[in-house]
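A structural walkthrough
Read off the chains here:
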Amino acid sequence: MGALTVEGRLSEGGVGPLAMCELTMIALGSLGGLRLLRFMQTQAVLAGGSILLVLANLLLVGRSGLPWLAMGRGMAGVGEGTLLALAGSAIATSVNPERLSAFFLAAQTILQLVVAQFMPSVLWRGSATDGALLILSLSGVASLMMVPWAPRRLRPPPPDPAGGGIPRNGIVLLATAGLYIGGIIATWSYLGVVLGHFGYSSGQRGSLVALCLGSQVIGAFAAARWGEYLADRAVILAAAMIQPVLVAVLALAGAVAWVPWVFVAGYGFLWLFGQPFYTGMLISVDRRRRAVLYLPVSQLAGSALVPFMASIIVDHFGAIGALWFSVGTFLSGGVLILLVTWQASPEGVTMPDDPIVPENGR
């Protein structure tokens, strides 16, 4: 989206609404994908999401203006959300959902690292934006090629036969997950501006971003390797309390040469290290695994809403204000976890020891 503004195809004021449009449609697409999986074969849902992703990105090649771009990114968001629903269902019905969630997050970040290295150099008729859109279309083609290997059925956990919804604790935990990732994204959105304010060069900022991405991968793999030995609530609380300390130190002492390096290393590590533990904790309060299906939706909502609210703060107090807003967001999530889970016991109907698996066992 930054390249769209550089090429004069989108105003700077349109970046925020366009990003929020895509995130909103990803959330809606994820909800729709969960519905489709209840009565359609997995291959059909995967093919539909992949084709929509391909067509939406091809539609935007050469296009400009917020209406066209919003329509195309919205279509892409629906396709992306549908594919996300497949991943969420696979994680929720797996034998070890926390570990699978960690590997999923690590794979996402590694792909971001790889693509970020060569995407800016791919041009289509002189346009970096169109080159990126073609790469995104190819990602849809790649997922479409996976259709023959997808399980025939991958149904999400069924509703409660008694008609009960998601337990209250599950709803609150979904909200805390949204606050956690929302605080992270709000900080990330203004990190470059804050570092520039403290006098760091573009080269230094690039190195800090690379360190942050590398720390994310390490955090995800650490969660996959040692997560089963750690208590979900303890890790979530620790992450929710350490992150605001790191952000506050950056806001207060970011001009000190070593502070940004320590910040991005710890912040990036906790970014992906903490997230898989929400999967385990949601399952512990809802044994039917209904709440965990909506974890991606809550995180997408947080990723859209919290940075949007932070942008209002920035208008009045500058980019440093976004950091303090993120501090409050992290602490709010931590307090909610303390209030709800300190005395809570698992809710919902206990599941059998055997995990929920696709009908054909794959």
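Our subject is the structure that appears above.
Residues numbered from 1 in each chain as written. Predicted model: local features only at pLDDT ≥ 70, side-chain atom pairs only at ≥ 80, totals over all residues. Heavy atoms only, no water.

1. A closer look at unusual backbone geometry
If a residue is not glycine, its phi is most likely negative; likewise, a peptide bond is most likely trans. Here Arg 289, not a glycine, exhibits a phi torsion of approximately 60 degrees, which is positive. Mapping Arg 289 onto the fold places it in the loop between α10 (259–285) and α11 (295–317). What makes Arg 289 buried here is its relative accessible area of 10%. (Helix = DSSP H or I, 4+ residues; strand = E, 2+ residues; numbered from the N terminus. Buried < 20%, exposed > 50% of the residue type's maximum accessible area, 1.4 Å probe, protein only.)

2. Structural notes on the nonpolar core
Judged by nonpolar contacts, the single largest core of 62 residues is most densely connected at Tyr 180, Ile 184, Phe 263, Trp 271, Tyr 278, Leu 282 and Ile 337. Going through the elements one at a time, α4 (66–92), α5 (97–118), α7 (168–197), α8 (202–226), α9 (232–253), α10, α11 and α12 (319–341) are the ones with two or more residues in this core. Ranked by the residues each element gives to this core, the list is headed by α10, at 14 residues. Core analysis: the next-biggest nonpolar cluster, separate from the first, contains 7 residues, Leu 37, Val 45, Leu 46 and Ala 150 among them. (Core = buried A, V, L, I, M, F, W, Y, C linked by side-chain atoms within 4.5 Å.)

3. Focus: the packing of α9 against α10
The contact between α9 and α10 brings their axes to 9 Å, and the two run at 155 degrees. In terms of orientation, α9 and α10 fall into the roughly antiparallel class. Between α9 and α10 lies a crossing whose hand is left-handed. Classifying every residue of the contact of α9 with α10 gives 19 nonpolar, 4 polar and 2 charged. (Axes fitted to C-alpha atoms, helices over the stretch in contact; angles between N-to-C directions. Parallel < 35°, antiparallel > 145°, perpendicular 65-115°, else oblique. Left-handed = near helix turned anticlockwise from the far one by under 90°. Nonpolar A, V, L, I, M, F, W, Y, C, P; charged D, E, K, R; others polar.)

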